[in-house]
Amino acid sequence: MTDPQSLVKRIAIVEDDPMVRQYFQGIIASEPGYRIIGMAGDLAGADALLDQSPDLFLLDIGLPDGLGYDLVPGIKARTRAKALIISTFGDRDTVVKAIMAGADGYLLKDSSPQVILDGIAATLDGGAPVSPAAAIYLLGFLRTEAEPAVQVHPESRLSLRETELLQAFARGESYKQAARSLGISPHTVGTHVKSIYRKLEVNSRSEAIREAFRSRQG
């Protein structure tokens, strides 16, 4: 029999403003499937949370002792936790640096409580939620106006449909939403995703988006 506690997702909050931290705490506490296992106001405190086995870090960027996304490589190296950025910063440089650091999603702090909860759920489910304002910059890296496909490796190119699917994921769309927006079946989405993962040598949507960025910058 499955232990109900094993189904509860453990979340760590990293935010330097006590009032905002309390706000996030209230939003997350409203969901019975989540439990906050720790909170920190700086990178030093956040580093200690890595040993608490969280499932997800909710990360602010502007911290007293550094940038929140600087913690992401350590999260990925030492835990299986997801890293969801939530910040007031929505400029191109910050968004791209956060995703390139390994962040699994990027939300803005003015997002509604429901959007934040949906973003947490999507991130835990392997998605890559991105606020619309931030998605503009991500789509700029994935858009291929002059090329029919995104070049990833000299011997491997994503098809136009695969690129469109990555763009949908960068907008934060789920498999079903992407299927509707592209006018294809969820099964076909799954087939394209397998092809994307194989070509990019990745295992998740966030990794696929990140690898596509690298190919565009290279």
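Residues numbered from 1 in each chain as written. Predicted model: local features only at pLDDT ≥ 70, side-chain atom pairs only at ≥ 80, totals over all residues. Heavy atoms only, no water.

**Student:** Now, about the nonpolar core: what can you tell me, with residues and values included?
**Tutor:** With 27 residues, the main nonpolar core has Phe57, Leu59, Leu71, Ile75, Ile85 and Tyr106 as its most contacted residues. At three residues, the largest contribution of residues to this core is made by helix H2 (residues 43-49). Ignoring sequence-local partners within four residues, the contact set of isoleucine 85 consists of Leu59, Ile61, Tyr69, Ala98, Ala103, Gly105, Tyr106 and Leu107. Core analysis: the next-biggest nonpolar cluster, separate from the first, contains 19 residues, Leu166, Ala168, Val193 and Val202 among them. (Core = buried A, V, L, I, M, F, W, Y, C linked by side-chain atoms within 4.5 Å. Buried < 20%, exposed > 50% of the residue type's maximum accessible area, 1.4 Å probe, protein only. Helix = DSSP H or I, 4+ residues; strand = E, 2+ residues; numbered from the N terminus. Contact = heavy atoms within 4.5 Å.)

**Student:** Tell me about the pattern of salt bridges, and name the residues and values.
**Tutor:** If you walk through the whole model with that rule in mind, you get six salt bridges. Residue arginine 78 pairs with aspartate 51 through a salt bridge whose shortest N-O separation is 3.3 Å. In this pair, arginine 78 is assigned in helix H3 (residues 72-78) and aspartate 51 in the loop between H2 and strand S3 (56-59), connecting sequence segments 27 residues apart. Residue classification places arginine 78 among the partly exposed positions, given a relative accessible area of 45%. Linking lysine 109 and aspartate 60 is a salt bridge whose minimum nitrogen-to-oxygen distance equals 3.2 Å. (Salt bridge = Lys/Arg side-chain N within 4 Å of Asp/Glu carboxyl O.)

**Student:** Tell me what's going on with the sheet that holds strand S6 (residues 82-87), and back it up with residues and numbers.
**Tutor:** Read from one edge of the open sheet, five strands run S2-S1-S3-S6-S7, paired in parallel fashion. Two strands bound the open sheet, and with one partner strand each, they are strand S2 (34-40) and strand S7 (105-108). Neighbour to neighbour, the strand axes of the sheet diverge by 25 degrees on average, direction disregarded. Contacting strand S1 (9-14), S2, S3 and S6, helix H1 (residues 18-29) runs over the sheet at an angle of about 165 degrees to S2. (Pairing = 2+ DSSP bridges. Axes fitted to C-alpha atoms, helices over the stretch in contact; angles between N-to-C directions.)

**Student:** An account of the pairing of S2 is needed here, citing residue identities and associated values.
**Tutor:** If a strand is regular, its side chains alternate between the two faces of the sheet. In terms of strand pairing, S1 meets S2 through six bridges, oriented parallel. Across the sheet, valine 14 pairs through a bridge with alanine 40, a residue of S2. This β-α-β element, S1 to H1 to S2, shows right-handed connectivity. (Right-handed = clockwise from strand over helix to strand, strands pointing away.)

Nothing here speaks to function; it is all geometry.
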